[in-house]
Amino acid sequence: MLNFTVGPVMCSDEVCAVGGEQVPYFRTSEFSELMFENEKLMLKFAKAPENSRVAFMTNSSTGSMEAVVMNCFTEKDRVLVINGGSFGQRFVELCEIHDVPHDVLKLNHGQKLTKEKLYEYDGMGYTGLLVNIDETSTGVLYDSEMLGEFCRKNNMFYVCDCVSAFLADPFDMAHCGADIMITGSQKVLACPPGVSMIVLAPRAVDRVQNAKVKSMYFDLADVLKNMERGQTPFTPAVGILRQINARLKEIEAAGGVDVEIARVAAQAQDFREKISALPFEFVSESPANGVTSIHPLNADAYEIFLELKDHYGIWICPNGGDLKNTVFRVGHIGYLSHEDNTTLINALKEILIGVGCSGN
Ligand SMILES: *Cc1c(COP(=O)(O)O)cnc(C)c1O
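Residues numbered from 1 in each chain as written. Predicted model: local features only at pLDDT ≥ 70, side-chain atom pairs only at ≥ 80, totals over all residues. Heavy atoms only, no water.

Condition: UniProt positions are given in the numbering used here, feature names are shortened, and annotations may be inferred rather than shown by experiment.
As annotated in an unreviewed UniProt entry, the chain carries the name Aminotransferase, class V and comes from Ruminococcus albus 8. UniProt lists a comment for the chain under the heading Sequence similarities (unreviewed entry), and it reads "Belongs to the class-V pyridoxal-phosphate-dependent aminotransferase family."

Right, dumping it as structure tokens:
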């Protein structure tokens, strides 16, 4: 199997090996130590400001998006949601479900968010901003620094969904002034799915500690209180947290977050150079490093996904909804090499010949 999706992705041998071990009991000082180590490295890699904290959640990242909306906003807020695809739409729906007043800054698929467009919403009394830094459905990267400056100017609580951007695109939580950063185990962290991390800057810690949340499982104040002793309120995905520990230490040993980001960027660039000779168009005006969205000019995107899966054992991501037949996505995250890119390109060439459009 060769997996070019955006998650779950392929794991390193070390992470796979930890997954093959027995899962230990967790109310122990040993497990607490492991959790403290995870927290320390997460804060370091997120470039979080002093006194930030991490909530390790046993849920997929959508659960963390929901927890953040529930813990950080109320019906007294007025939130601006950047919606350029299905993950932006998810924040919109979460605001609707939890009665958080909101307006939507809508962008077309692949459209870049410019400063002009953003500042149409300047000085309008918004209290918070929700954004997916890499809108993974089309691979558009938003400028976290530009958004941070906007939030600072308007005194808005700034929430960054970095689920697919963390470890793939440069992100400096302290510098851009994000209050919250969300990510998950199965994206660039390249572990199995099951755990999602919420990094909270001091202002966010304050806010959740004073929140009145109608939820037991998603009460972030309770999560943070338990984390003071390296624990979680309920049984976490212990095995995945041990794999995350192995992976964070692997990244640290290889030179840290900037080296990992450069590795993913090089993987993306190699692919984009190799595919530029084929009859495909790039969808994103502002491409993120983690994923490339591709529009085949003379072939059906979903057919290509099926061909690769069924005849080559290669997985890419199909798109959903109205993009199903026109766009597919290739991930550059996980345990992949430049040779793997060549294998995929060769398969794509054969498929295009098969449907009679080998292009140039
Ligand atoms: C993958 C992803 C999520 C969360 O997906 P889950 O299926 O809940 O893990 C959220 N936001 C973005 C930008 C993502 O890429």
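**Some thoughts on the site of the ligand**
Going by this rule: Being near a molecule or strand, for a residue, comes down to having at least one heavy atom within 4 Å of it. Pairing of N or O atoms within 3.5 Å defines a polar contact, subject to two protein rules: one partner must be a possible hydrogen donor and the other a possible acceptor, and residues neighboring in sequence count only if both atoms are side-chain atoms. Note that accessible areas follow from Shrake-Rupley with a 1.4 Å probe, and for residues the cover is restricted to the protein chains shown. Helix and strand definitions here come from DSSP, where helices need a minimum of 4 consecutive H or I residues and strands a minimum of 2 consecutive E residues; each element is numbered from the N-terminal end. Polar here means any residue outside two lists: the nonpolar Ala, Val, Leu, Ile, Met, Phe, Trp, Tyr, Cys and Pro, and the charged Asp, Glu, Lys and Arg; Gly therefore counts as polar.
Contacts to the ligand come from 13 residues, most closely from Ser 60, Thr 62, Thr 136, Asp 161 and Lys 187. At 2.4 Å from an oxygen atom of the ligand is found a side-chain nitrogen or oxygen belonging to Ser 60. The separation between an oxygen atom of the ligand and a polar side-chain atom of Thr 136 is 2.4 Å. Burial of the ligand by the surrounding chains reaches 88%, relative to a free accessible area of 390 Å². Those elements giving two or more residues to the shell around the ligand turn out to be helix H3 (61-72) and helix H4 (86-97). The leading source of residues in the shell around the ligand is H3, at 3 residues. Its residues assigned to classes, the shell around the ligand shows 3 nonpolar, 6 polar and 4 charged.

**Remarks on helix H9 (residues 220-227)**
Rule in force here: For every residue, the accessible area (1.4 Å probe, protein chains only) is compared with the maximum for its type, and the residue is labelled buried under 20%, exposed over 50%, or partly exposed between those bounds. When we speak of the arc, we mean the arc of directions from the helix axis to the C-beta atoms.
If you check which residues of H9 are buried, you get Leu 220, Val 223, Leu 224, Asn 226 and Met 227. Buried residues of H9, viewed axially, fall in a sector of 160 degrees; they line one side. Its side-chain oxygen 3.1 Å from the backbone nitrogen of Ala 221, Asp 219 forms the N-cap of H9.

**What to know about the UniProt feature "domain: Aminotransferase class V" (unreviewed entry) in the chain**
With numbering aligned to this structure, UniProt lists the feature "domain: Aminotransferase class V" (unreviewed entry) at residues 28-314. Span residues 28-314 is 43% helix and 17% strand, its end C-alpha atoms 41 Å apart.

**Remarks on the environment of Met 42**
Note the cut-off: Should any heavy atoms of two residues lie within 4.5 Å, those residues are considered in contact.
Take Met 42: it is sitting in helix H2 (residues 29-46). With relative accessibility at 0%, the residue Met 42 sits in the buried group. In this structure the C-alpha to C-alpha distance between Met 42 and Glu 120, which are 78 residues apart in sequence, comes to 35 Å. Once residues within four sequence positions are removed from consideration, Met 42 is found in contact with Val 54, Phe 56, Phe 166, Met 181, Thr 183, Met 197, Val 199 and Leu 248.

**As for the side chain of Thr 292**
Summarising the element assignment, Thr 292 is placed in strand S12 (residues 291-296). Here the side chain of Thr 292 touches Arg 272 through a polar contact of 2.8 Å, side chain to side chain. Excluding residues within four positions of it along the chain, Thr 292 makes contact with Phe 271, Arg 272, Phe 282, Phe 328, Arg 329, Val 330 and His 332.

**Quick look at the layout of surface pockets**
Rolled over the atoms, a probe with the dimensions of a water molecule shows which regions are left empty. This is how the line gets drawn: Of the two site types, the cavity is a set of points on a 1 Å grid over the protein atoms alone where a 1.4 Å probe fits but cannot get out, and the pocket is an open set with protein on both sides within 12 Å along at least five of seven lines, each lined by residues with an atom within 4 Å of a point. Grid points are joined across faces, edges and corners, and a volume is the space filled by probe spheres set on the points.
The volume enclosed by the largest pocket comes to roughly 330 Å³. In terms of lining, the largest pocket is formed by 16 residues, of which the most central are Met 70, Phe 73, Thr 74, Glu 75 and Lys 212. Grouping the constituent residues of the lining of the largest pocket by class yields 6 nonpolar, 4 polar and 6 charged. Of the pockets and cavities examined, the second largest pocket occupies roughly 180 Å³. In terms of lining, the second largest pocket is formed by 15 residues, of which the most central are Arg 247, Glu 250, Ile 251, Glu 260 and Arg 263. When residues of the lining of the second largest pocket are traced back to their parent elements, those giving at least two are helix H10 (238-253) and helix H11 (257-275).

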